[in-house]
Amino acid sequence: MIGDWTNSMSKKRAAMALLLALLLASPLSTFADKNKKKKADANATQPAEAKPEIDTSKLVWPSPPSIARVRYLSYFAGEKIDATAVPKKKKQSWMDRLAGEQGQTERYDVKTFPFQLLGPFGMAFDSKGLVYVADQKVGAVFIFNTETRDVQLIRNGYEAHFGLINGLAIDDDDRLFVSDGKLHRVLVFNAKHEVVSQIDQGLVDPVGLAIDTENRFLYVVDTQQDQVMVFDADTMKLIRKIGTGGKNHWLTTPGDFGAPSSVALDKDRNVYVTDTMNNRVEIFDADGQFIGMFGQHGDGPGYFARPKGIAIDSDGHIWVADAFQDRVEVFNREGQLLTWIGGHGHYPGQFEALVGIAIDKQNRVFTTEQYPGRMQMFRYVTDAEAAAEKSRRDAEQEKAAPQQQPAGTSSQKDGPSAEVQSSAAQQAAKSFWLSQDSQEENSAREGLLVQFSYLEVNRSKRSSVLQHELEVCP
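It should be emphasised that the depicted structure is a prediction, and the values quoted were computed from it without experimental measurement.

Draft legend 1. Quick look at the environment of V195. Examined against the element boundaries, V195 turns out to sit in strand β10 (residues 195-199). Classification of V195 as partly exposed rests on a relative accessible area of 41%. Each C-alpha atom, one on V195 and one on H161, is 9.6 Å from the other, the two residues being 34 residues apart in sequence. Non-local contacts of V195, meaning those with residues more than four positions away in its chain, are made with E159, A160, L187, V188 and F189.

Right, here's the structure in full:
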């Protein structure tokens, strides 16, 4: 009797517990569903927060009120990435994750995955205005359309076979030359990006390239040999060598190199070479004869600490990319600093491991840097444009000047005095205007006139012991 009563009570308790659990679970689940719906509705109705944008349209060098000589335009990092084309995430089971199996988002086709810059170095431009960039780490040549931002590729293992590509050059027939330091050669592509030839005669570590389309010379900087090799761009035969090789980067004499990096040409077909370990730029004529040099080691504007890239603009100014200082410095042919941009950082106009620089026919300046893996684009304001801007400002200032002069002052109806005219002409002839900070630090260089006559550059005595370790690719 007692056993039956106990069993009955146990059943009643179990039934009540089950009923209570159902009563508690039902409103909680309903409340949770309502909360989820409320959150979903709130997210749907709430507008997305606007991301802060940096206005780079006013980013110029030097800073106002000086006349701008360099304007920031944009940057490029690789192929377009379409976020809408990314497949939906497929939830993996714990057993798949434990086994290390790749998820659906980790499986991709190498041929279709958007390539991005990782270690860009040399650049070149074809007749269509496309920008070619050699990427050492990706092992590919990126071809950028700066207007549409579309990208073509010449990839290792697909369209070509690369080892460690460095410099690029393009002739007037749109033939592309690509230097490969690992495979000790320069590959030659036709306008369809097909390999048609190669140059390997006497090359050990080809890096920088430049082509003289008038004299049909291809200049190849061989960093390990401390020489610039000059080839016939049509027959691919070696013509001559500039510099003394086999001295393991120890030579400091004018006309010799210590681990040179890049080469550029001006309108007169003169050759400019960045002598990286000697922290200088050397200048040669089209026959390979030494003309002059400038530069010395230091850690401020106007000095070098591993100069790498070099380019010449339409007015004959020399642009040098300094890898250690992450600074682009602009000089005249006498080696006088005109202006500079850059510094360490990831913001527009800053650099991290700056290596390459190139200027196209549209006065656009391109730089490549290794760590962010990007190419920045600037606009050079020419001397003529700067002079026109100065004349416009002067005219506005004259209009704003009071019409009446104080008593006792001489009238200028007959025109300004000779001193005023001379001063105005001198101001109008200024090609570069240093920023306020630069003016304070470089007051001796303020107001430099850009003239293009060669001066004899006297090299100061220095120790032959190099303080830097060779590093071809940062």
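Draft legend 2. Here's a closer look at the sheet that holds strand β22 (residues 337-342). Judged by pairing direction, the sheet is antiparallel, and its four strands sit side by side in the order β19-β20-β21-β22 without closing on themselves. The open sheet is flanked by β19 (307-312) and β22, the only strands paired with a single partner. Adjacent strand axes in the sheet meet at a mean angle of 20° when their direction is disregarded. Direction of pairing for strand β20 (residues 318-322) relative to strand β21 (residues 327-331): antiparallel, over a ladder of five bridges. Each bridged residue has a counterpart across the sheet, and for V320 the counterpart in β21 is E329.

Draft legend 3. Expanded view of the confidence of the model for the chain. Chain-level statistics for the chain give a pLDDT mean of 81 and a share of 68% at 70 or above. Confidence drops under pLDDT 50 across residues 428-433; counting only partners more than four residues distant or on other chains, this segment forms 26 contacts. This model gives residues 435-474 a pLDDT under 50, and the stretch forms 80 contacts once residues within four places in sequence are excluded.

Draft legend 4. Molecular detail of the pattern of salt bridges. Applying the stated criterion across every chain, the model contains 19 salt bridges. The partner of D234 in a salt bridge is R175, and the shortest N-O contact between them spans 3.6 Å. Of this pair, D234 sits in the loop between β13 (227-232) and β14 (238-242) while R175 sits in the loop between β7 (165-170) and β8 (176-180), placing them 59 residues apart in sequence. With relative accessibility at 44%, the residue D234 sits in the partly exposed group. A salt bridge links E369 to R374; the shortest N-O distance between them is 2.7 Å. The two residues E369 and R374 agree in class, both being buried. Several salt bridges converge on common partners, so that one network encompasses D171, D172, R175, R216 and D234.

Draft legend 5. Representation of the packing of aromatic side chains within the structure. Enumeration according to the criterion identifies 14 aromatic pairs in this entry. Pairing F294 with F304 gives two aromatic rings, centres 6.4 Å apart and planes at 40°, and the pair type is tilted. Linking F294 in strand β18 (residues 290-294) with F304 in the loop between β18 and β19, this pair joins segments that are ten residues apart in sequence. Each ring, one from F294 and one from F331, has its centre 5.1 Å from the other, and the planes form 45°; the classification is tilted. Placement of the pair is F294 in strand β18 and F331 in strand β21, with a sequence separation of 37 residues. Residue F294 is classed as buried on the basis of its relative accessible area, which comes to 6%. Judged by its relative accessible area of 1%, F331 falls in the buried class. What links up through ring pairs into an aromatic cluster is the set W61, Y72, F351 and F378.

Draft legend 6. Inspection of the sheet that holds β13 at higher detail. Reading across from one edge, β11-β12-β13-β14 is the order of the four strands in this open sheet, with antiparallel pairing throughout. Both outer strands of the open sheet, β11 (206-212) and β14, are each paired with one neighbouring strand and no more. Across the sheet, the mean angle from the axis of one strand to that of its neighbour is 20°, orientation sign disregarded. With five bridges joining them, β11 and strand β12 (residues 217-222) adopt antiparallel strand pairing. What sits directly across from P206, in β12, is D222.

Draft legend 7. Focus on the pairing of β19. Within β19, six of the six residues are buried, leaving the element largely enclosed by the surrounding structure. Bridging between β19 and β20 involves four bridges; their strand directions are antiparallel. What sits directly across from I310, in β20, is V320. Connecting β19 to the antiparallel partner β20 that follows it, the hairpin turn spans five residues, and G316 within it adopts a positive phi of roughly 90°.

Draft legend 8. Representation of the side chain of S262. As for its placement among the helices and strands, S262 is situated in strand β15 (residues 260-265). From its side chain, S262 meets the backbone oxygen of K308 in a polar contact 3.0 Å long. Ignoring any residue separated from it by four or fewer positions in sequence, one finds S262 in contact with G208, V221, Y272, V273, T274, K308, G309 and I310.

Draft legend 9. Up close: helix α3 (residues 383-400). Taking 1.5 Å of rise per residue, 18 residues should cover 26 Å, and α3 covers 26 Å from first to last C-alpha, within 8% of that figure. Inspection of α3 places D383, A386 and K390 among the buried residues, and these make up the whole buried set. Down the axis of α3, the sector holding all buried residues measures 65°, keeping them to one side. α3 presents A384 and K399 as exposed residues on the side facing more than 90 degrees away from its buried surface.

Thresholds, definitions, all that
Residues numbered from 1 in each chain as written. Predicted model: local features only at pLDDT ≥ 70, side-chain atom pairs only at ≥ 80, totals over all residues. Heavy atoms only, no water. Helix = DSSP H or I, 4+ residues; strand = E, 2+ residues; numbered from the N terminus. Buried < 20%, exposed > 50% of the residue type's maximum accessible area, 1.4 Å probe, protein only. Contact = heavy atoms within 4.5 Å. Pairing = 2+ DSSP bridges. Axes fitted to C-alpha atoms, helices over the stretch in contact; angles between N-to-C directions. pLDDT = per-residue confidence, 0-100. Salt bridge = Lys/Arg side-chain N within 4 Å of Asp/Glu carboxyl O. Phe/Tyr/Trp six-rings, centres within 6.5 Å; stacked < 30°, edge-to-face > 60°. Polar contact = N/O pair within 3.5 Å; in protein donor to acceptor, adjacent residues only side chain to side chain. Expected span 1.5 Å × (residues − 1). Arc of directions from axis to C-beta.

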